[in-house]
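A structural walkthrough
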Amino acid sequence: MAVPVLFFALFFAYPVVAIVGRGLKAGGQWHFGRIGTVLSRPDILDVLWFTTWQAVASTALTLLVALPGAYVFARLRFPGKQLLRAVVTVPFVLPTVVVGTAFLALLGRGGFLDELWGVRLDTTVWAILLAHVFFNYAVVVRTVGGLWSQLDPRQEEAARVLGAGRFNAWRQVTLPALGPAVAAAALMVFLFTFTSFGVVQILGGPAYSTLEVEIYRQTAQLLDLPTAAVLTLVQFAAVGGILALHAWTVRRRETALRLVDPAQTSRPPRGAGQRALLGGVLLTVLVLVLLPLGVLVERSFDTSDGYGLAFYRALQSADANGSTFLVPPLDAIGNSLRYAMVATLIALVIGGLAAAALTLPHAGRLVRGFDALLMLPLGVSAVTVGFGFLITLDEPPLDLRTSWILVPLAQALVGVPFVVRTMLPVLRAVDDRLREAAAVLGASPLRAWREVDLPLVRRAVLVAAGFAFAVSLGEFGATVFIARPDNPTLPVAVARLLGRSGELNYGQAMALSTILMLVCAASLLLLERIRTDRSGEF
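Parameters at a glance
Residues numbered from 1 in each chain as written. Predicted model: local features only at pLDDT ≥ 70, side-chain atom pairs only at ≥ 80, totals over all residues. Heavy atoms only, no water. Helix = DSSP H or I, 4+ residues; strand = E, 2+ residues; numbered from the N terminus. Rg over C-alpha atoms; globule rule 2.2 N^0.38 Å. Buried < 20%, exposed > 50% of the residue type's maximum accessible area, 1.4 Å probe, protein only. Salt bridge = Lys/Arg side-chain N within 4 Å of Asp/Glu carboxyl O. Axes fitted to C-alpha atoms, helices over the stretch in contact; angles between N-to-C directions. Parallel < 35°, antiparallel > 145°, perpendicular 65-115°, else oblique. Left-handed = near helix turned anticlockwise from the far one by under 90°. Contact = heavy atoms within 4.5 Å. Core = buried A, V, L, I, M, F, W, Y, C linked by side-chain atoms within 4.5 Å. pLDDT = per-residue confidence, 0-100. Nonpolar A, V, L, I, M, F, W, Y, C, P; charged D, E, K, R; others polar. Patch = residues over 30% accessible without salt bridge, like charges linked within 9 Å, V, L, I, M, F, W, Y side chains within 5 Å. Areas by Shrake-Rupley, 256 points an atom, 1.4 Å probe, with all protein chains shown as cover. Phe/Tyr/Trp six-rings, centres within 6.5 Å; stacked < 30°, edge-to-face > 60°.

1. Considerations on the overall build of the protein chain
Of regular secondary structure, the protein chain possesses 23 helices and six strands. Taken over the C-alpha trace, the protein chain has a radius of gyration of 24 Å; the compact-globule value for 538 residues is 24 Å, and the two agree within 12%. Judged by the C-alpha coordinates and their principal axes, the protein chain covers about 70 × 65 × 50 Å. In the protein chain, buried positions account for 53% of the 538 residues.

Here you go:
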């Protein structure tokens, strides 16, 4: 536990506490009265209200759209199912900046709908809600569908034999069993939309602001640290409650159900109803997932002189962008890949050690409590973490402001929870008697781990590495503060290009977003090939 605890203390707790303390302290004294002052401001109340209701609306809309897809992927067998499963998961691993850019190309000024029907939805709440459904569709499909595929269908069939109709049998048998999974998926979607940053920043315009966007505005633009500190505490408290509820629903799901092999539950669609449902889900995937991504790719080739590679060629020159970049935007690709690889290595070491500690047979309450703390970087404002890095890691022995390692450290904070959540179930499934037998035969603890645990968790390590790499590649909230102008990452480069007017900047943003999408999609397809058979959920 020593290494993970030290890592989180130095690179998470210290920066967050320092930035909050700087906002709430004056003259060496804490001023908690600022909390009430800030939360009573009408503009802040508007931000809190919009953050909450758009997260509720996004969650409800995502469940409405994605639950039919969860059933189709869980219970129906059809050609291309595995490929389609990977396709619908692509949006989840995409950086939010790319998601916002894709919907800007679809719904914004000069976008696909604007050219086709003269309809613009950017700077409206509908663009934000649709982008959130696009981003979180796979969360519901894989979380609920993963459990649905393992529920024994004979229970529902028995209810029908006893006289229940199809709907009543589903409502009284299947729905209660799915309840914990639906609740867990809803809580995760609510968490991601409650803390939304890149999507709202790009699509919302000045009219809409979530807590995360407002923290960024108060910190980077207005330099109002007291307000940013209060909003950080509010978001931290809300996310802590969401994570506690999520942990409770997961425990219910793990202990209350009897599951079967998913291969026993799927069958080809039968009857007009199931075929119509399959067709509806395929149409939803086409319109909701493939259309925005296709429009993004199309806009990256659509120049004023016709379709071509002009925007991609312009990425090779810094002069093409005026003062936007000190280096060619294409350099951001190499920067992002290098940073993500280092961040993945850090996340695997820290997350692997933490997961191993959490599976010790005599782990106490302190160790188990650390499991919940590992999830906090997913909910604490990444903007706060990034700005905290700048004001805390600025003097020896940790003067890292000019060091390249600062970006991978921030990215690894987000990757560690994915590593822990991926490796923990597999490590817990390893039979302790295998380790004991190795010890009886004279193996040291290190050799027992190498000979027993490592072969059993190798696939889980690869899956964890893939998720950590994809998440690190797309991290934006903290990186936008700490990435140096001469070493931008892909998400930061895209945001800078979108922040400047002109066809060339817009086209290059589309081209960089397309490249980033392809890298993330390739990582995901590799994950689909190596994931374990039982990894049916995130």
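2. Thoughts on the pattern of salt bridges
When charged atoms on two side chains of opposite charge get close, those side chains can pair. Evaluated as defined, the whole model comprises six salt bridges. Where E298 meets R299, a salt bridge forms, and the shortest distance between an N and an O atom there is 2.3 Å. E298 sits in the partly exposed class, given a relative accessible area of 23%. A salt bridge links R299 to D302; the shortest N-O distance between them is 4.0 Å. Overall, the relative accessible area of 25% leaves D302 in the partly exposed class. Sharing partners across several salt bridges, the network here consists of E115, E298, R299 and D302.

3. Side note on the packing of helix 18 (residues 406–429) against helix 20 (residues 445–474)
Where helix 18 contacts helix 20, the axes come no closer than 8 Å and their chain directions differ by 150°. As judged from the angle between their axes, helix 18 and helix 20 are roughly antiparallel. Both helix 18 and helix 20 take part in a crossing whose hand is right-handed. Here Q411, V414, G415, F418, V419, T422, M423, V426 and L427 of helix 18 lie close against helix 20, whose contacting residues are D453, L456, V457, A460, V461, V463, A464, F467, A468, V471 and S472.

4. So, the nonpolar core
Counting 164 residues, the largest nonpolar core has F7, F8, L94 and F389 as its most contacted members. Not counting residues within four places of it along the chain, the set of residues in contact with F7 comprises F12, I346, I350, L409, A412 and L413. Counting residues in hydrophobic clusters, the runner-up holds five residues, among them A438, A443, A448 and V452.

5. Section: unusual backbone geometry
For L223, which is not glycine, the phi dihedral falls at a positive 55°. Its location among the elements puts L223 in the loop between helix 11 (211–221) and helix 12 (225–255).

6. Some thoughts on the environment of L48
Along the chain, the position of L48 falls in helix 3 (residues 42–75). Separated by 166 residues in sequence, L48 and E214 place their C-alpha atoms 9.7 Å apart.

7. With respect to the environment of R75
When you line up the elements, R75 lands in helix 3. The buried category is assigned to R75, whose relative accessible area is 10%. Distance from R75 to R154, taken between C-alpha atoms, is 13 Å for residues 79 residues apart in sequence.

8. A look at helix 11
For helix 11, a buried count of eight out of eleven residues is recorded, marking the element as mostly surrounded by other parts of the structure. Of all the residues in helix 11, the buried ones are L211, E212, V213, E214, I215, Y216, Q218 and T219. Positive phi appears at L223, one or two residues downstream of helix 11, with a value of about 55°.

9. Considerations on the confidence of the model for the protein chain
Across the protein chain, the average pLDDT comes to 81, with 90% of residues at or above 70. No element of the protein chain has a lower mean pLDDT than helix 16 (residues 365–373), at 66, and none a higher one than helix 3, at 92.

10. Observations concerning the packing of helix 19 (residues 432–440) against helix 20
Orientation of helix 19 relative to helix 20, taken along the N-to-C sense of each, is 155°, at an axis distance of 9 Å. By the angle class used here, helix 19 and helix 20 are roughly antiparallel. Regarding helix 19 and helix 20, the two cross each other, and that crossing is right-handed. Listed contacts from helix 20 to L434, R435 and A438 of helix 19 are A448, V452, D453 and L456. Of the residues in the contact of helix 19 with helix 20, the class split is five nonpolar, no polar and two charged.

11. Topic: a nonpolar patch on the surface
Side chains of V3, L345, V349 and L353 sit close together on the surface and give an oily, nonpolar patch of about 340 Å² of accessible area. By residue number, the principal contributor to the nonpolar patch is helix 15 (residues 331–358), which donates three residues. When its relative accessible area of 44% is taken as the criterion, V3 is described as partly exposed.

12. Quick look at the packing of aromatic side chains
For the structure shown, the criterion picks out 15 aromatic pairs. A ring pair is formed by F11 and F389, whose centres lie 6.4 Å apart and whose planes are at 55°; its orientation type is tilted. One end of the pair, F11, is in helix 1 (residues 2–24); the other, F389, is in helix 17 (residues 382–392), with 378 residues separating them in the sequence. In this structure F389 comes out as buried when scored by relative accessible area, which is 0%. Feature note: the residues F7, F8, F11, F12 and F389 constitute an aromatic cluster, connected by ring pairs.

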